[in-house]
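# Survey of secondary and tertiary structure
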Amino acid sequence: MAVATAVQGGILPSKFHFSSPPPPTIAAQIKSKSATPPPIFISTNTAHVNQCHLRELYALCNHSCHRFPTIDASGSVEPVDPLKLRTALSHSSVVVSVFTKPEFVTTQSSPEVRRVVGIGGDWIRKVAPVTPENGRLIGFGRAVSDLGLTASIYDVMVHPAVQGMGIGQMIVQRIIRLLTNRDIYDIAALCSEDERQLYRSCGFADDVLGSTTMMYTRSTSSYFSKDQQMISAGRKLLLVPPARELTK
């Protein structure tokens, strides 16, 4: 009874004093409401992709462009090569990027984002629609195609702070729409076991012809003769021919 009276009076006994936890960050609030994604802008213009921000997204998602990436002791993959990334973007048939307002994403690597979240920003920024210019890159995906018959989807990724909100599905669906509008329906997706459900929800299934994907592993094949030698040179394997005998 004393406790109830003290609560009504606005004073708690000392043994009931506690410090209120800090309010959850905006990113945490968004993630708890997986059915409600933040306001986003989806672009299919390659010019809207800032390569520095894209490389940061690769790192945040721990995503590698290589099928056999170098992984450090902490489990992080090697950074994507900026020159190769620029080349890959320029030769991609479809590029889809997703942006949201910076306050919906918090990262330790961006002091500007922390400052915006801390002060709440001004009302103009709050009411302004999301654009590639004022937004932050939170999602990406691309497709490579011969523009006539087939296409393959690669590098679909979403910022960890906004995963589980259907953004990845939006990216894949937009890529499919752009490809099918060009009358390309033979579309493949190389994905991990964890990503299969995402692609199934977008209309993908196991190949009805029963085909399986084989990847070039850069290993010695059986057709090489026994007297040949394979040596490693970075990511490349060099085939060394057999030594010739000197004739007198």
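Residues numbered from 1 in each chain as written. Predicted model: local features only at pLDDT ≥ 70, side-chain atom pairs only at ≥ 80, totals over all residues. Heavy atoms only, no water.

## Things to note about the pattern of salt bridges
Basically, it comes down to this: Any carboxyl oxygen of Asp or Glu within 4 Å of a side-chain nitrogen of Lys or Arg constitutes a salt bridge here. Helix and strand definitions here come from DSSP, where helices need a minimum of 4 consecutive H or I residues and strands a minimum of 2 consecutive E residues; each element is numbered from the N-terminal end. Three exposure classes are used, based on accessible area relative to the maximum for each residue type with a 1.4 Å probe and protein chains only: buried under 20%, partly exposed in between, and exposed over 50%.
Applying the stated criterion to the full structure yields five salt bridges. Its salt-bridge partner being Glu56, residue Arg136 comes within 2.9 Å of it at the nearest N-O pair. Within this pair, whereas Arg136 is found in strand E3 (residues 136-145), its partner Glu56 is found in helix H3 (residues 51-60), the two being separated by 80 residues in sequence. Overall, Arg136 belongs to the buried group, its relative accessible area being 14%. Residue Arg142 is joined to Asp155 by a salt bridge in which the shortest nitrogen-to-oxygen separation is 2.8 Å. On the criterion of sequence distance, the pair formed by Arg142 in strand E3 and Asp155 in strand E4 (residues 150-158) is long-range, its members being 13 residues apart. Take Arg142 and Asp155: they sit in the same class, and that class is buried. Through salt bridges with shared partners, a single ionic network connects Glu193, Arg196, Arg200 and Asp206.

## What to know about the nonpolar core
What counts is decided by this rule: Only buried Ala, Val, Leu, Ile, Met, Phe, Trp, Tyr and Cys residues count toward a nonpolar core, and they belong to the same one when joined by side-chain atoms within 4.5 Å. By the convention used here, residues are in contact when the closest approach between their heavy atoms is within 4.5 Å.
Core analysis: the biggest nonpolar cluster contains 24 residues, and Ile153, Ile167, Ile171, Val172, Ile175, Leu179 and Phe204 have the highest contact counts within it. Mapped onto this core, the elements with two or more residues apiece are strand E2 (94-100), E3, E4 and helix H7 (167-180). Of the residues forming this core, the biggest block, six residues, is contributed by H7. Not counting residues within four places of it along the chain, the set of residues in contact with Ile175 comprises Val94, Val96, Gly141, Arg142, Ala143 and Ile153. One finds Val80, Val95, Leu137 and Met157 within the second-largest nonpolar core, a separate group that totals 13 residues.

## Some points on a nonpolar patch on the surface
Condition: Patch construction takes residues with relative accessible area above 30% that form no salt bridge. Like charges are linked within 9 Å, and nonpolar side chains (Val, Leu, Ile, Met, Phe, Trp, Tyr) are linked within 5 Å. Calculation of accessible area relied on Shrake-Rupley with a 1.4 Å probe; when residues are assessed, cover is drawn exclusively from the protein chains displayed.
On the surface, Val144, Tyr154, Leu190 and Met215 cluster together to form a nonpolar patch covering roughly 290 Å² of accessible area. With a relative accessible area of 37%, Met215 lands in the partly exposed category.

## Section: the pairing of strand E5 (residues 186-189)
Basically, it comes down to this: In this analysis, strands are considered paired if DSSP registers two or more bridges between them. Handedness of a crossover is defined as follows: with both strands directed away from the viewer, a clockwise route from the first strand across the helix to the second makes it right-handed.
Where E4 meets E5, four bridges bridge the pair, whose relative direction is parallel. Within E5, the residue paired with Thr150 across the bridge is Asp186. A crossover connection joins E4 to the parallel E5 through H7; in handedness this β-α-β unit is right-handed.

## Considerations on H3
Defined as follows: Think of the arc as the fan of directions from the helix axis to the C-beta atoms.
Turning to H3, its buried residues are Leu54, Leu57 and Tyr58. Looking straight down H3, one finds that the buried residues subtend no more than 105° of arc, so they occupy a single side. Relative to its buried face, H3 has exposed residues pointing more than 90 degrees away, namely Cys52 and Ala59. Of the surrounding secondary structure, the elements contacted by the buried residues of H3 are helix H4 (82-90), E3 and E4.

## Points about the confidence of the model for the chain
The test is simple: On a range of 0 to 100, pLDDT expresses the predictor's confidence in each residue.
Of the residues in the chain, 65% have a pLDDT of 70 or more, and the chain-wide mean is 77. Taken as a whole, residues 107-120 scores under 50 in pLDDT and shows 20 contacts with residues more than four places along the chain or in a different chain.

## Observations concerning the sheet that holds strand E1 (residues 40-43)
Put simply, the rule is: Under this scheme, a helix contributes an axis fitted over its contacting stretch, all axes are lines through C-alpha atoms, and angles between N-to-C directions fall in the 0 to 180 degree range.
Spatial strand order, E1-E2-E3-E4-E5: five strands in an open sheet with mixed pairing. The open sheet has two free edges, formed respectively by E1 and E5, since each of these has just one partner strand. Put simply, the sheet's adjacent strands are angled 20° from each other on average, direction ignored. Against the sheet, H7 touches E1, E2, E3, E4 and E5, its axis set at about 160° to E4.

## Quick notes on the pairing of E2
Buried residues dominate E2, accounting for seven of its seven residues. Alternating residues of E2 divide into Val94, Val96, Val98 and Thr100 and Val95, Ser97 and Phe99, and every residue in both groups is buried. In this sheet, E2 lies alongside E1 in antiparallel orientation, the contact comprising four bridges. By the bridge assignment for E2, Ser43 is matched with Ser97. Here E2 pairs with E3 via seven bridges, running antiparallel. Counterpart to Val96 in the pairing with E3 is Gly141.

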